[in-house]
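For reference, the chains in residue letters:
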Amino acid sequence: MLEENFLMGEQLLDPADYDFPALKKAFNMDREEVIQEIKDSGLKGRGGAGFPTGLKWELGYKEKSDEKYMICNADEGEPGTFKDRYLMENRPLLVIEGIITAAYAVNAQKGFIYIRGEYFDSIKIIDKLIDNMYKEDVLGQDILGSDFSFDLRLVKGAGAYVCGDETSLLNSIEGKRGASRIKPPYPIQKGLFEQPTVVNNVETLSSAARIIAEGASLYSAMGSKNSRGTKLVCLSGDINEPGVYEVEFGAQTIKEIIEQDGKGIKGGSDLRFVVPGGVSTAVLDKSEIDIPYTYEDLEKAGSSLGSGAIIAVGQEHDLVDLMLNVSRFFMDETCGTCFPCREGNRQINRILRKYKATFSIQEKEIIQDVGETIRLAARCGLGQSSLNFINSIMEKYEDELGIKEVLEV
Amino acid sequence: MAQNTAEDMGYNEEILLEKLHNIQESYSYIPENEIDNLAQKFDMPRAKLYGVIKFYSMFYTEPTGKYVIRVCDSLSCHINNSKKLLNDIREYLDIDDGETTEDKKFTLEVVECLGYCGEGPVMMVNDEVYTHLTPGMALKILKNCV
Ligand SMILES: Cc1cc2nc3c(=O)[nH]c(=O)nc-3n(C[C@H](O)[C@H](O)[C@H](O)COP(=O)(O)O)c2cc1C
Ligand code: SF4
Ligand code: FES
């Protein structure tokens, strides 16, 4: 547990009560200096992919164009994740300050915040805040007396997980189906309406605002070598005290986060496994969670930190039922552009539904084969990660699943 | 002089998604004549526009019930027994996922994660969120929908 939170804290809702320390500082710095500060902090993207934020801003800044866009990705949809909602409901000023700071750094004149359509409360709060910030001259022309002008507009998603993928999100804002785009060109080069576009997650941008306000060295002093600073984790599942917690990277193991922050497993039951980063990530058996919570340690353990969703799963659940649940998620949410992702996830769901008392090794192999095909053919991260959960369960709980060799007939 | 609205600043992109939300909000679905209007306004073939509308689960081309009930069955809620909740709601409303009751009062949607995973199981009734639900609580909420 952190002694003092960096990102979480009291509600910050009213621009009249807020000093905008990051903006005031940033406007007195050159763009390169702001970018250097973020680079020095070691901040990585919190949307799932972990791309270094300073580098992303630098690439955005270097793009030559009369028009650039800054987009805040608030489409949070990975099952188990609710930290961006926490920030929008409790710290929305930080979110928008982060957007403006980033826009200043990359020199974008226009921006969007794309909030998933089901987040009615977040939408209400951000909508009102944007209005108020125009009134207080913190959005629009010559923000806070600087010569930087920036416009921010809210767009509501309409119920499609895949729109969280940045290229799908761009298509969605452009009024197309929210299917992903072929990369390259990357959004940084050719994004929204063909213009250079920087997309960052809500938590990334809020952290960036705090980093500029407090200085990079404070942030980079926290965490491990490859995972600087703090992270919001979302605890859910069979946990006594679920919720959003801010942790310092590497200061606690996953086990400790579950025990110290989440107060252990519900109903005195035993933990079986942990989903460490949302349903797109491979599970870790309870024997594998004594590792520091960092990007690198999770990767070494064969999984990933993903969106920061930690789902604890007790012994009493039926593994096939859980695999079916995750399989249905990907079957429902595939955008359908890549045939293997669309059909493969459906076929895997069929095999899982057929499962009765035993699984044959052949069926396991088919799932693995189809999964590998999906991964190789997938245009976006949804397909690439759609089998992580299922494969890891089949790998780790082969005996419980009763996966047996079935004699050829 | 400082300009204070996005419109003043020449924010001229017409966002189709925004228009669709507005229409959906006024009619509870996207009626055909509005689709015709949009097709003209955005210079899009109607088929393509339908393709966009159908892509998003929150847009409907048929009227929904007065109350849209969204019940999350993604992993965290599932672990917290959303299945039982769902079955009881299904039984009470006597409709399946995606259907509307005959009296046009309720539409039931089994949905993926609503972002309240720490407080599951979760149900939304239009834009109202209910957390930590037991089947009994959920049925009471539905009975209070008039
Ligand atoms: C299927 C899919 C869903 C995604 N959903 C989200 C999301 O809800 N929020 C988010 O910030 N990033 C999401 N991402 C990652 C984005 O594509 C992108 O990497 C991110 O917004 C970049 O911001 P960051 O660098 O600050 O992390 C998703 C990616 C994929 C493939
Ligand atoms: S991998 Fe799946 S979700 Fe991603 S673009 Fe292809 S079909 Fe769509
Ligand atoms: S899993 Fe149900 S709200 Fe997230």
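Residues numbered from 1 in each chain as written. Chains lettered and ligands numbered in written order. Predicted model: local features only at pLDDT ≥ 70, side-chain atom pairs only at ≥ 80, totals over all residues. Heavy atoms only, no water.

1. A few points about the overall build of chain B
(1) Moving on: The secondary structure content of chain B amounts to six helices and four strands.
(2) Moving on: Ordered by position in the sequence, the α and β elements of chain B form the string α-α-α-β-α-α-β-β-β-α.
(3) Moving on: Along the first, second and third principal axes, the C-alpha atoms of chain B reach 55 × 40 × 30 Å.
(4) Moving on: Expressed as a percentage of its 146 residues, the buried residues of chain B come to 52%. (Helix = DSSP H or I, 4+ residues; strand = E, 2+ residues; numbered from the N terminus. Buried < 20%, exposed > 50% of the residue type's maximum accessible area, 1.4 Å probe, protein only.)

2. Observations concerning the domain arrangement of chain B
(1) Moving on: For chain B, the domain assignment lists domain 1 (13-55) and domain 2 (67-143).
(2) Moving on: For domain 1 of chain B versus domain 2 of chain B, the separation of C-alpha centres amounts to 28 Å. (Domains from an automatic or database assignment.)

3. Digging into the site of ligand 1
Residue and element names in this part refer to chain A.
(1) Moving on: Taken together, 18 residues surround ligand 1, and among them G47, K56, E166, N201 and T204 come closest.
(2) Moving on: Between ligand 1 and N200, the relevant distance is 2.9 Å, taken from an oxygen atom to a side-chain nitrogen or oxygen of the residue.
(3) Moving on: Out of a free accessible area of 610 Å², ligand 1 has 89% covered by protein chains.
(4) Moving on: Elements represented by at least two residues in the shell around ligand 1 include exactly β4 (197-201) and α15 (381-385).
(5) Moving on: Here the shell around ligand 1 takes three residues from β4, the largest share from any one element.
(6) Moving on: The residue makeup of the shell around ligand 1, split by class, is three nonpolar, nine polar and six charged. (Near = heavy atom within 4 Å. Polar contact = N/O pair within 3.5 Å; in protein donor to acceptor, adjacent residues only side chain to side chain. Areas by Shrake-Rupley, 256 points an atom, 1.4 Å probe, with all protein chains shown as cover. Nonpolar A, V, L, I, M, F, W, Y, C, P; charged D, E, K, R; others polar.)

4. Examining the sheet that holds β4(A)
Either a parallel or an antiparallel arrangement is found when strands of a sheet pair, and the pairing is made through backbone hydrogen bonds.
Residues and elements named next belong to chain A.
(1) Moving on: Read across the sheet, four strands follow the order β3-β2-β1-β4 without closing on themselves; strand pairing throughout is parallel. Bordering the open sheet on either side are β3 (151-156) and β4, each of which pairs with just one other strand. On average, each strand axis in the sheet is inclined to that of its neighbour by 20 degrees, with strand direction left out of account.
(2) Moving on: Relative to β3, strand β2 (residues 110-115) is paired through six bridges, and the arrangement is parallel. Paired with K110 across the two strands is D151, which belongs to β3. (Pairing = 2+ DSSP bridges. Axes fitted to C-alpha atoms, helices over the stretch in contact; angles between N-to-C directions.)

5. Observations regarding the confidence of the model for chain B
Residue and element names in this part refer to chain B.
(1) Moving on: Mean pLDDT over chain B stands at 91; residues scoring 70 or higher make up 92%.
(2) Moving on: Every residue in residues 1-10 is under pLDDT 50, and counting partners more than four places away or in other chains gives 17 contacts.
(3) Moving on: With pTM at 0.96, the complex prediction returns an ipTM value of 0.95. (pLDDT = per-residue confidence, 0-100. Contact = heavy atoms within 4.5 Å.)

6. Here's the deal with a nonpolar patch on the surface
(1) Moving on: A grouping of A:F51, A:L55 and A:L59 is seen on the molecular surface, where their side chains present a nonpolar patch of about 230 Å² in accessible area.
(2) Moving on: Topologically, A:L59 is positioned in helix α3 (residues 53-62). (Patch = residues over 30% accessible without salt bridge, like charges linked within 9 Å, V, L, I, M, F, W, Y side chains within 5 Å. Salt bridge = Lys/Arg side-chain N within 4 Å of Asp/Glu carboxyl O.)

7. Some details on a negative patch on the surface
(1) Moving on: Where like charges cluster on the molecular surface, the negative patch consists of B:E91, B:D94, B:D97 and B:E99.
(2) Moving on: Summarising the element assignment, B:D97 is placed in the loop between α5 (82-93) and β2 (106-111). (Lys, Arg positive; Asp, Glu negative; His and termini not counted. Charge placed at Lys NZ, Arg CZ, Asp CG, Glu CD.)

8. Topic: the side chain of A:R116
(1) Moving on: Relative to the helices and strands, A:R116 resides in the loop between β2 and α6 (120-135).
(2) Moving on: Here A:R116 falls in the buried class, since its relative accessible area comes to 7%.
(3) Moving on: At 2.9 Å, the side chain of A:R116 forms a polar contact with the backbone oxygen of B:C113.
(4) Moving on: Excluding residues within four positions of it along the chain, A:R116 makes contact with A:A74, A:D75, A:E76, A:G77, A:I123, A:G157, B:C113, B:L114 and B:G115.

9. Some remarks on the site of ligand 2
(1) Moving on: For ligand 2, the set of nearby residues contains 13 residues, the closest of which are A:S180, A:C335, A:C338, A:C341 and A:C380.
(2) Moving on: Classifying every residue of the shell around ligand 2 gives seven nonpolar, five polar and one charged.

10. Some words on the pairing of strand β1 (residues 69-74) of chain A
All names here are of chain A.
(1) Moving on: The buried fraction of β1 is high, at six of six residues.
(2) Moving on: Residues of β1 alternate between two faces, with Y69, I71 and N73 on one and M70, C72 and A74 on the opposite face, all of them buried.
(3) Moving on: Of the strand pairs in this sheet, β1 and β2 are connected by six bridges, and their pairing is parallel. Across the sheet, the residue bridging to M70 is G111, located in β2.

11. Here's the deal with the domain arrangement of chain A
Residue and element names in this part refer to chain A.
(1) Moving on: Per the domain assignment, the segments making up chain A are domain 1 (15-220), domain 2 (230-314) and domain 3 (319-401).
(2) Moving on: In this structure, domain 1 and domain 3 have C-alpha centres spaced 34 Å apart.
(3) Moving on: Taken together, the 11 residues of domain 1 in the interface contact seven residues of domain 3.
(4) Moving on: The contact between domain 1 and domain 3 buries some 790 Å² in all, and 68% of this surface belongs to carbon and sulfur atoms.
(5) Moving on: The interface formed by domain 1 and domain 3 contains zero salt bridges.
(6) Moving on: Per-class residue counts for the side of domain 1 that touches domain 3 are six nonpolar, three polar and two charged. (Buried area = accessible area lost by both parts, 1.4 Å probe.)

12. Some words on the packing of aromatic side chains
Two aromatic rings, taken as a pair, are described by how far apart their centres are and by the angle between their planes.
Residues and elements named next belong to chain A.
(1) Moving on: For the structure on display, the rule yields 17 aromatic pairs over all chains.
(2) Moving on: Judged by centre distance (5.2 Å) and plane angle (75 degrees), the rings of F27 and Y104 are edge-to-face. Taken together, the residues span a long stretch of sequence, with F27 in helix α1 (residues 21-27) and Y104 in helix α5 (residues 92-106) at a distance of 77 residues. Accessibility classification places F27 together with Y104 in one group, the buried group.
(3) Moving on: Relative to F330, the ring of F329 lies with its centre 5.1 Å away and its plane at 85 degrees, an arrangement referred to as edge-to-face. Side by side, F329 and F330 carry an identical accessibility label, which is buried.
(4) Moving on: An aromatic cluster is present here, built from F27, Y104, F148 and F150 joined pairwise through their rings. (Phe/Tyr/Trp six-rings, centres within 6.5 Å; stacked < 30°, edge-to-face > 60°.)

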